[in-house]
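Breakdown of the fold
Residue strings, one per chain:
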Amino acid sequence: MLAVALAVSLLAASPDPGLTADMQIQEPAGAGPVALEDVVVEGRRLDDLTSDFVSEVAIPARGRGLARWRDGVCVGVANLKAETAQYIVDRVSTIAEDLGLKPGAPGCDPRILVIATTDANNFTRDFVANRPRLFRVGGAGMDLGRNALRKFESTDRPVRWWNVSVPIDSETGDIAVRIPGYISGDGTGEMSALQYAPNISVFAASRLSTQIVDDTMRSFVIVDVDRLNGVSLEQLADYIAFISLAQINPEADTSGYVSVLNVFDDPGQADGLTNWDRAYLLGLYDTVRTRLNHASQRTEIVSSILRVHGDLAAAEDAAAE
């Protein structure tokens, strides 16, 4: 029953301040793995490091390209103290705005839903069981599949997440895959069988580009408040921003990089989003998504990170002079 009540409150975009979490804000220090601004090797070595980072963290829906939010995001937080919840909402919204997205207004319908709980596994299983269509909508290329959902329900991570994306006709904004129960049009007049399937008008046939792109539809983030020891509120908020604004592999091994993804293993590694993380997000939201070859999108992200590294190196040289 708890899961049902919480699901309803989330969908109504009404944060619940009932459950509190004791999060101590600390001053992390020190870093062991590679930081983007500290890379001194040149040529293929830096290219390889960057390519490996992108390959490690990126995980699109099966058979699809990397998805991102289209125009804006609305963030909702439940089961934390009001001031803590507001900080997370504001921080995620600010990072989204830096990427060119429009933050949601107060009272908006949340699409990034952050839920805090002291019994994450049981809560997550109940939530999925009671609202399965929120997690697996039924269209092709919209999630990571049933096995990944089972791992989402049973993982022992302090923070778990589940992203749902949808292929979209970039010319019209219409959904480009068949979804059970979805009918195109305004629902008036005589119904046709064609309204139960997507209708895509091709404006320019090409072997190199496509009209179909992938938009993030919703993101669920479950926070186990009993497992946050040593992680500051700023680190937690930035972590949530990274895994909800991009499709991040929960099993990624980023131990070789200074990344916010490592804060639960080493809270002293980073205060929040690092240059690797910011460059990755900027690259994702700068890519041309209409290319038919999905690998080219990752290549563009790699190029963006390399540009950030070049800018950092130039700034350091200017400061030294």
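Scroll up to find the structure.
Since the structure is predicted, the reported quantities are computational estimates derived from the model, not experimental observations.

So, the overall build of the protein chain
- A count of helical and extended segments in the protein chain gives 9 helices and 6 strands.
- When burial is assessed residue by residue, the protein chain has 47% of its 321 residues classed as buried.
- Pairs at least 24 residues apart make up 78% of the contacts formed inside the protein chain by residues separated by at least 6 positions.
- For the protein chain, the accessible area works out to roughly 15600 Å², and carbon and sulfur atoms hold 49% of it.

Some thoughts on the state of the cysteines
- One pass over the structure, following the stated rule, counts 1 disulfide.
- Each sulfur in the disulfide pair C74 and C108 lies 1.8 Å from the other. In this structure, the disulfide formed by C74 and C108 twists by about 85 degrees around the S-S bond and is classed as right-handed. With C74 in the loop between strand 1 (72-73) and strand 2 (75-78) and C108 in the loop between strand 3 (102-103) and strand 4 (112-117), this residue pair connects regions lying 34 residues apart in the sequence.
- For C74, a relative accessible area of 6% gives the class buried.
- Assessed through its relative accessible area of 24%, C108 is described here as partly exposed.

Description of the pairing of strand 6 (residues 212-224)
- Among the 13 residues in strand 6, 11 count as buried, and that is most of the element.
- In this sheet, strand 6 lies alongside strand 4 in parallel orientation, the contact comprising 6 bridges. In the strand pairing of strand 6, V114 is matched with V221.
- Two elements, strand 5 (residues 159-169) and strand 6, share 11 bridges in a ladder whose sense is antiparallel. Within strand 6, the position partnered with W162 by the bridge is F220.

Focus: the pattern of salt bridges
- Per the counting criterion, the structure on display carries 6 salt bridges.
- We note a salt bridge from R64 to D214, for which the minimum N-O separation is 2.8 Å. A residue pair is termed long-range when its members are at least 10 positions apart, and R64 in the loop between helix 2 (44-57) and strand 1 and D214 in strand 6 qualify at 150 residues.
- You can call R64 partly exposed: its relative accessible area is 21%.
- Across the pair K151 and E251 runs a salt bridge whose closest N-O atoms are separated by 3.3 Å. Of this pair, K151 sits in helix 6 (residues 146-154) while E251 sits in the loop between helix 7 (233-245) and helix 8 (275-286), and the two are 100 residues apart along the sequence.
- For K151, a relative accessible area of 49% gives the class partly exposed.
- A residue is classified by how much of its surface remains accessible, and E251, at 48% relative accessible area, is partly exposed.

Procedures and definitions
- Residues numbered from 1 in each chain as written.
- Predicted model: local features only at pLDDT ≥ 70, side-chain atom pairs only at ≥ 80, totals over all residues.
- Heavy atoms only, no water.
- Helix = DSSP H or I, 4+ residues; strand = E, 2+ residues; numbered from the N terminus.
- Buried < 20%, exposed > 50% of the residue type's maximum accessible area, 1.4 Å probe, protein only.
- Contact = heavy atoms within 4.5 Å.
- Areas by Shrake-Rupley, 256 points an atom, 1.4 Å probe, with all protein chains shown as cover.
- Disulfide = S-S within 2.5 Å.
- Pairing = 2+ DSSP bridges.
- Salt bridge = Lys/Arg side-chain N within 4 Å of Asp/Glu carboxyl O.

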